[in-house]
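Chain residues, written in single-letter form:
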Amino acid sequence: MKSRVVKNVFSSGEVSPRAEGRNDASQYENAVRQMNNFHIKKLGGAFKRQGTGFIVEALNHLKRSRTESFQVNTENAYTLELSEYKGRPIKDAVIITESGQSITNATQANPCILTVAGHGLVAGDYFDITSVSGMEELNQRSYKVSTTPTSDTLTFSDISGTLIDSTSFGAYTSGGSLFKHTVFDHPYTSNQLVDIQTAHVGDKMWTVHRDNEIQQITRVAETNWTVSIFKTMDGPYLDQNTTDTTLTASGTSGSVTVTSSDSLFAATDVDRHISITDSGTRGWGTITGYTSATEVTVSISSNFGGTNAVTTWRLGAFSDTTGYPRAVTIHENRLWFAYVDGEQQSFWGSKSNEYDNFAPTETNLTVLDNNAIKFTLGDGGFDAITWLSSGYGLFIGTEGGPYIATGTGGNITPSNIQVTKQSGYGSNLLSPKLLNGSLIYVSRTGRSVRELIYNFEYNSYVSNDLSAISEHIFREGDKAIDTAFQRYPDGHFWYVMDSGELVCMLFDREQNVVGFNRHQLGGTFEKTTITSGYIVEGKKYRIKNNIGGADFTLVGSADSNIGTEFVATGILPLWGAGDELAELSSAVVESVSSVPSVAFTEDNIYMSVKRTINGETKRYIEFLNDEFLPEHDRDYDDAIYLDSSISYSGSEVTEVGNLWHLEGESIRVLANNGDDTEYTVSNGKITLQAGATSVKAGLSYMALIEMLPLEVSTRSGSSVGGKKRIGEAYVKLENSMGLQHGRDLDNLNTEPFRENTDYMGLPPKLFTGTLPILTNHNSTRDGGYYLVQEAPYPLNVLYFAAEVEVDL
């Protein structure tokens, strides 16, 4: 019998293979087997994502970079690129640079010597060069200063450190400007950057990591950013001493000696706060010198009450001895920190409206509502704190499950704080995101996404597993290591997996929409090198060396030449000494962040991306282009469906540069929006076949939807397990160009979109309407159907309908 099946909503995204027997589940009807490089919309449909735009080479190609949002106000929203020990602000997809300096000469030499009068640069500074005449090879590229022979000259290298050899470049004739990048120093290694947490207000951001002192990043001006150790006053402290150990101060002000009756101090206590109460007065100071385990020097900031031997003392909570906090947030005008090694279940809040003041009491021991707060969780379990987040209350993530801290009758104060545990599902270190009463966080294992939401039936917050039906995405990606929330246009949560894959979740509680899908960026990364043994069928490889004489055509390669890429169709080639394959993945995403766009139309997604380019590991900072919204059916101006892309618009050109970041790579190029051609980048440029006034160039990527088996209900029952054949199919498209479809990826049909009436000098019209597609789908019990777009054009699928014949 024949039945019509319509897939008009893709909002459940990819469904786990383990759930394919659950066609009774509500999400199953709106799910697909695979969805790659599409956006899911709340109103339905699947829209191919736009490509990523290239911004700049990362500060260090050998070390992971992190992107972090830094929003001062609605007009000044930045992404910070944080690499090992270095950071750099980016605004509106452009790095911040100082004013240009005039270049007056560049030598044809190895190394090239640049002349810039009074440049003021030092070794290690980063800069760009533009508008040089004659030696155009220098333009539109980032460099590092190597040496400064004089105050007017410098030698320089690429970002990887290779000195620029200009002997084969054109001769310098005139002009050119040097733009120094705005870069600041910070104390974090690339491994530590993965786990830092941040909180910010206005021009200040606080960053924490358990192995480092708290840092404060300050935007002094657009081109002046500083990083300094955040010094607190009067705390935070550990609990008041409850032992018989006494402390005796040699004086009450200035620099004094404090002597302990027991071995209390360590050399790592230098810079640690200490508070002593004597004769009803509490004073505090900072340890400035270590003499022995029983004696330290203290610089007093608030006078001690006497010089008696007292047991009423406290030591600072943060120090090289105890470690430093790993969680931070702003809540109710207090700066909150949590977790140190010895107090893993404790959190501290500053005085109200005084982020650097953690005084637990006044000097006369009075506790005011605005005094600092310390609280330690204690429900009988071990709940090491993983994050803090501000919402209805102070949400506290732990390895055992979330808590919420509130104040009885108002804001939290030292005397009215109450803390209750909400569920038993723990979290990892990724900061959660709050949306319309739902707190979205990643589980302790990093392999599921949970929603903390209030349940009136239980009079408590409950934790729901949002990713249950798509558990395979997180299992296969190993775990989530970074996250960002893109509020506009549709409410997407982005997750970077340890495997380097980028995962997106559409979430809208009001519409009851939850769906996950993947985004695999264009380009490749050489994951591992294989010199013997089995290769894995279905994985992609690149031939690195063939001197052993292996015949890789036996396992799916077109030939055995070095550089050939292939998907393995077998498992055992004939290896010889010197044969070498590289296993390939798509480009590796290492970090992601979300920042409001300058036009306020949507939030911009920034990411750090790693690829193998021309045989070397390269890292780039890129941004996801805005949603494509054409004004008419030939409006391709903002259609950029290429990754790591650059765009040109202006007078007619035949040569396109600014492509050094893709040197040696095969790229796709759109010239005047209609000429889809492949080129290989050489010396940072390509030469077009004909002049063009609009050029988009970058790495291609495949957008793919694989339908689940199209199940129907028959008079005999469900079609599950029965043989099914698709007779006719239709797709409703919006502003689309190009479509391939079929039962398997090796046998795809290509739909023509250009009409006989289209002018050859113009791109074809964007198609909106219902497109009938003929299928080649033979009878199968388990088959789905593919919709594919490999060309750099939009593909927006509103629905898919098919006539299905069932033979039970």
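Scope of this entry: the structure provided in the associated data block. All figures in this text were calculated on a predicted structure; none of them were measured in a lab.

Considering the overall build of the chain
Part 1 of the argument: Scanning the chain from terminus to terminus reveals two helices and 65 strands.
Part 2 of the argument: Taking 2.2 N^0.38 as the reference for a compact globule, 808 residues should give roughly 28 Å; the C-alpha atoms of the chain span a radius of gyration of 31 Å, in line with that estimate.
Part 3 of the argument: Structurally, the chain occupies a C-alpha span of about 95 × 80 × 60 Å along its principal axes.
Part 4 of the argument: Across the 808 residues that make up the chain, the buried fraction comes to 56%.
Part 5 of the argument: Across the chain, every contact between residues at least 6 apart in sequence was considered, and the portion connecting residues at least 24 apart equals 63%.

Here we look at the layout of surface pockets
Part 1 of the argument: If you add up the space inside the second largest pocket, you get close to 1300 Å³.
Part 2 of the argument: Glu68, Thr198, Ser431, Pro432 and Lys433 are the residues nearest the centre of the second largest pocket, which is lined by 46 residues in total.
Part 3 of the argument: Put simply, the parts of the chain that give the lining of the second largest pocket at least two residues each are strand E8 (66-71), strand E20 (197-201), strand E30 (327-331), strand E34 (385-390), strand E38 (433-435), strand E42 (480-486) and strand E50 (588-596).
Part 4 of the argument: For the lining of the second largest pocket, the class distribution of residues is 19 nonpolar, 16 polar and 11 charged.

Some details on the sheet that holds strand E22 (residues 212-221)
Part 1 of the argument: Ordered by their spatial adjacency, four strands build an open sheet running E20-E21-E22-E23, and the pairing between neighbours is antiparallel. Looking at which strands have only one partner, the edges of the open sheet turn out to be E20 and strand E23 (224-229). Taken over all neighbouring pairs, the strand axes of this sheet differ in orientation by 20 degrees on average, direction set aside.
Part 2 of the argument: As paired strands, E22 and E23 are joined by six bridges and run antiparallel to one another. Pairing of Gln216 across the sheet is with Ser228, part of E23.

Concerning the environment of Ile214
Part 1 of the argument: Mapped onto the secondary structure, Ile214 falls in strand E22.
Part 2 of the argument: Among the residues examined, Ile214 registers a relative accessible area of 5% and is labelled buried.
Part 3 of the argument: Remark: the alpha-carbon pair of Ile214 and Lys231, spanning 17 residues in sequence, is separated by 8.0 Å.
Part 4 of the argument: Beyond its immediate chain neighbours, meaning those up to four positions away, Ile214 contacts Trp206, Thr207, Val208, Ser228, Ile229, Phe230, Phe318, Pro325 and Phe337.

Here we look at a nonpolar patch on the surface
Part 1 of the argument: Where nonpolar side chains cluster on the molecular surface, the patch consists of Tyr534, Ile571 and Leu572 and spans about 340 Å² of accessible area.
Part 2 of the argument: For Leu572, the location among the structural elements is in the loop between strand E48 (565-567) and strand E49 (579-586).
Part 3 of the argument: Accessibility expressed as a relative area gives 51% for Leu572, which makes it exposed.

Description of the pattern of salt bridges
Part 1 of the argument: With the rule as written, the count across this model stands at 39 salt bridges.
Part 2 of the argument: For Glu471, the salt bridge goes to Arg475, with nearest N and O atoms at 2.9 Å. Of this pair, Glu471 and Arg475 both sit in helix H2 (residues 471-476), separated by four residues, roughly a single helical turn.
Part 3 of the argument: With a relative accessible area of 28%, Arg475 lands in the partly exposed category.
Part 4 of the argument: Lys685 is paired through a salt bridge with Glu655; the nearest N and O atoms lie 3.6 Å apart. With Lys685 in the loop between strand E55 (675-680) and strand E56 (686-699) and Glu655 in strand E53 (residues 643-656), the pair connects residues that are 30 residues apart, well separated along the chain.

Observations concerning the side chain of Asp128
Part 1 of the argument: By the secondary structure assignment, Asp128 is in strand E15 (residues 126-130).
Part 2 of the argument: Among buried charged residues, Asp128 stands out as having no salt bridge; its nearest opposite-charge side chain is Arg88, 6.6 Å away.
Part 3 of the argument: Looking at Asp128, its side chain comes within polar contact range of the side chain of Ser142, at 2.6 Å.
Part 4 of the argument: Not counting residues within four places of it along the chain, the set of residues in contact with Asp128 comprises Ile95, Arg141, Ser142, Ser177, Leu178, Phe179 and His181.

Observations regarding the side chain of Glu57
Part 1 of the argument: Structurally, Glu57 is set in strand E7 (residues 52-57).
Part 2 of the argument: For Glu57, which is buried and forms no salt bridge, the nearest opposite charge comes from Lys618, at a distance of 4.8 Å.
Part 3 of the argument: Once you skip the residues sitting within four places of it in the chain, Glu57 turns out to touch Arg88, Ser142, Ile159, Arg619 and Tyr620.

Things to note about the nonpolar core
Nonpolar side chains in soluble globular proteins tend to be buried together.
Part 1 of the argument: Counting residues in hydrophobic clusters, the biggest one holds 37 residues, and the most contacted among them are Ile705, Met707 and Phe800.
Part 2 of the argument: Of all the elements in the fold, those that place two or more residues in this core are strand E5 (38-40), strand E57 (703-706), strand E60 (723-736), strand E63 (767-774) and strand E65 (796-807).

What to know about the pairing of E20
Regular strands place side chains that alternate from one sheet face to the opposite one.
Part 1 of the argument: Both E20 and strand E21 (residues 204-209) contribute to a ladder of five bridges, which runs antiparallel. From the neighbouring strand, Thr198 faces E21, where its bridge partner is Thr207.
Part 2 of the argument: Joining the antiparallel neighbours E20 and E21 is a turn of two residues, in which Gly202 adopts a positive phi near 60 degrees.

Some words on empty space enclosed by the protein
Part 1 of the argument: Applying the stated criterion across every chain yields a total of six cavities of 30 Å³ or more.
Part 2 of the argument: By volume, the largest cavity amounts to about 190 Å³.
Part 3 of the argument: Looking at the largest cavity, it is lined by 18 residues, and the ones nearest its centre are His39, Lys41, Asp626, Glu627 and Phe628.
Part 4 of the argument: When its residues are assigned to classes, the lining of the largest cavity shows five nonpolar, six polar and seven charged.

Conventions adopted
Residues numbered from 1 in each chain as written. Predicted model: local features only at pLDDT ≥ 70, side-chain atom pairs only at ≥ 80, totals over all residues. Heavy atoms only, no water. Helix = DSSP H or I, 4+ residues; strand = E, 2+ residues; numbered from the N terminus. Rg over C-alpha atoms; globule rule 2.2 N^0.38 Å. Buried < 20%, exposed > 50% of the residue type's maximum accessible area, 1.4 Å probe, protein only. Contact = heavy atoms within 4.5 Å. 1 Å grid on protein atoms, 1.4 Å probe; cavity = no way out; pocket = protein on both sides within 12 Å on 5 of 7 lines; lining within 4 Å. Points joined across faces, edges and corners; volume = space filled by probe spheres on them. Nonpolar A, V, L, I, M, F, W, Y, C, P; charged D, E, K, R; others polar. Pairing = 2+ DSSP bridges. Axes fitted to C-alpha atoms, helices over the stretch in contact; angles between N-to-C directions. Patch = residues over 30% accessible without salt bridge, like charges linked within 9 Å, V, L, I, M, F, W, Y side chains within 5 Å. Areas by Shrake-Rupley, 256 points an atom, 1.4 Å probe, with all protein chains shown as cover. Salt bridge = Lys/Arg side-chain N within 4 Å of Asp/Glu carboxyl O. Lys, Arg positive; Asp, Glu negative; His and termini not counted. Polar contact = N/O pair within 3.5 Å; in protein donor to acceptor, adjacent residues only side chain to side chain. Core = buried A, V, L, I, M, F, W, Y, C linked by side-chain atoms within 4.5 Å.

Remember, this is a structural readout, not a statement about activity or role.
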